[in-house]
Amino acid sequence: LSRQVGVLIASARCERVEGGVLVTWSTMACGGYVQFDVYRGFTPDLGTMERRNVDPVSSSRTYEFLDACEDPGKDLYYYLVELGGENPTRFGPLFVAAAAAPAAALGQNYPNPFNPATTIPYTIGAAGAGKPATISFYDVSGRLVGRASLGAKQAGSYEFRWNPLASGTRECPSGVYYCRLQVGKEISTRTLILLR
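Thresholds applied
Residues numbered from 1 in each chain as written. Predicted model: local features only at pLDDT ≥ 70, side-chain atom pairs only at ≥ 80, totals over all residues. Heavy atoms only, no water. Helix = DSSP H or I, 4+ residues; strand = E, 2+ residues; numbered from the N terminus. Rg over C-alpha atoms; globule rule 2.2 N^0.38 Å. Buried < 20%, exposed > 50% of the residue type's maximum accessible area, 1.4 Å probe, protein only. Contact = heavy atoms within 4.5 Å. Areas by Shrake-Rupley, 256 points an atom, 1.4 Å probe, with all protein chains shown as cover. Pairing = 2+ DSSP bridges. Axes fitted to C-alpha atoms, helices over the stretch in contact; angles between N-to-C directions. Patch = residues over 30% accessible without salt bridge, like charges linked within 9 Å, V, L, I, M, F, W, Y side chains within 5 Å. Salt bridge = Lys/Arg side-chain N within 4 Å of Asp/Glu carboxyl O. Phe/Tyr/Trp six-rings, centres within 6.5 Å; stacked < 30°, edge-to-face > 60°. Core = buried A, V, L, I, M, F, W, Y, C linked by side-chain atoms within 4.5 Å. Polar contact = N/O pair within 3.5 Å; in protein donor to acceptor, adjacent residues only side chain to side chain.

A. Examining the overall build of the protein chain more closely. Summing up its helical and strand segments, the protein chain has zero helices and 15 strands in all. Taken over C-alpha atoms, the radius of gyration comes to 25 Å for the protein chain, far larger than the 16 Å a tight globule of 196 residues would show. Dimensions of the protein chain, computed from C-alpha atoms along their principal axes, come out at roughly 80 × 35 × 25 Å. Here the protein chain holds 196 residues, and 36% of them are scored as buried. Within the protein chain, contacts between residues at least 6 apart in sequence are counted, and of these 58% link residues at least 24 apart. Just so you have it, the protein chain exposes about 10,800 Å², and 53% of that area is on carbon and sulfur atoms.

What follows is the structure, encoded as structure tokens:
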């Protein structure tokens, strides 16, 4: 016999996590194993959404699905659709807001380790466009060993080349250094390794 009435979803939520969006939900005790499909779209219309799971999401009460999300900068909507039965449950839309874009971010320098110079990629986001930017270098004791003003940049990707000797910085021995990018009040830090 097939079930005539869809299960009742007791709670559901979605949140941004590293690598995507985690959708979790639970059902009222239904005495069996229930399966769901998870749909995602950029509008709350189920008819325009795409199914995100390959295999049905199965459990007896508590469910969890990680949706790998390539672009965290977009608002997303989700629907949970029960499989089977004549009147399957459709629950949604669940909404998750776009992740806030950082004002700035440092990429990993290359080469790393380096001698005598290294290139440091960095990005200025929309929130940091037009704000004054500086890049600073510190040794492991926290002592400032170099600083440069980058000016007010527009949003985009940039590179900074650091050569401690050519930039007027006093002798820097081999070791770990910290690169700090500050755009407005936002700070991003990376580790650099100098090998002499």
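Back to the write-up after that little detour.
B. How the structure looks around the sheet that holds strand 6 (residues 62-68). With antiparallel pairing, three strands are arranged side by side in an open sheet as 1-2-6. Edge positions in the sheet fall to strand 1 (9-17) and strand 6, since each has one partner strand and no second. Taken over all neighbouring pairs, the strand axes of this sheet differ in orientation by 15 degrees on average, direction set aside. Sheet topology note: the strand 1/strand 2 (residues 20-27) ladder contains eight bridges and is antiparallel. If you follow Ser11 over to strand 2, its bridge partner there is Ser26.

C. Main features of the sheet that holds strand 12 (residues 144-152). Pairing is antiparallel across the open sheet formed by four strands, whose spatial order is 12-11-14-15. In this open sheet, the two strands that pair with only one neighbour each are strand 12 and strand 15 (186-194). Ignoring strand direction, the axes of neighbouring strands in this sheet form an average angle of 15 degrees. In this structure, strand 11 (residues 132-139) lies alongside strand 12, joined through seven bridges in antiparallel fashion. Following the sheet pairing, Ile135 is matched in strand 12 by Ala148.

D. Region of the structure containing a nonpolar patch on the surface. A cluster of nonpolar side chains, namely Val140, Val176, Tyr178, Ile193 and Leu195, defines an oily patch on the protein surface of about 400 Å² accessible area. If you trace the backbone, Leu195 turns up in the segment after strand 15. A residue is classified by how much of its surface remains accessible, and Leu195, at 46% relative accessible area, is partly exposed.

E. Local environment of the packing of aromatic side chains. Tallied over the entire structure, the rule returns nine aromatic pairs. Ring centres of Trp25 and Phe36 lie 5.6 Å apart, and the angle between their planes is 80 degrees; this geometry places the pair in the edge-to-face category. One end of the pair, Trp25, is in strand 2; the other, Phe36, is in strand 3 (residues 34-41), with eleven residues separating them in the sequence. By relative accessible area, which is 0% here, Phe36 ends up buried.

F. A look at the nonpolar core. In terms of nonpolar packing, the biggest core is built from 21 residues, with Ile120, Ile135, Phe137, Phe160, Trp162 and Leu192 touching the most fellow members. For this core, the elements supplying multiple residues, two or more each, are strand 9 (104-106), strand 10 (118-124), strand 11, strand 12, strand 13 (156-162), strand 14 (175-183) and strand 15. Among the elements that line this core, the one with the most residues is strand 14, at four residues. Within the second largest apolar cluster, 18 residues are counted, among which are Cys14, Val21, Tyr63 and Leu80.

G. Seen up close, the side chain of Thr119. Residue position: Thr119 is located in strand 10. Among the polar contacts made by the side chain of Thr119, one reaches the side chain of Arg161 at a distance of 3.1 Å. Setting aside its immediate chain neighbours within four residues, Thr119 contacts Asn109, Tyr110, Glu159, Phe160 and Arg161.

H. Region of interest: unusual backbone geometry. Following Tyr110, the chain continues into Pro111 via a peptide bond in cis, with omega recorded as -10 degrees. The topology assignment puts Pro111 in the loop between strand 9 and strand 10. Cis geometry marks the peptide bond from Asn115 to Pro116, where omega comes out at 0 degrees. Structurally, Pro116 can be placed in the loop between strand 9 and strand 10.

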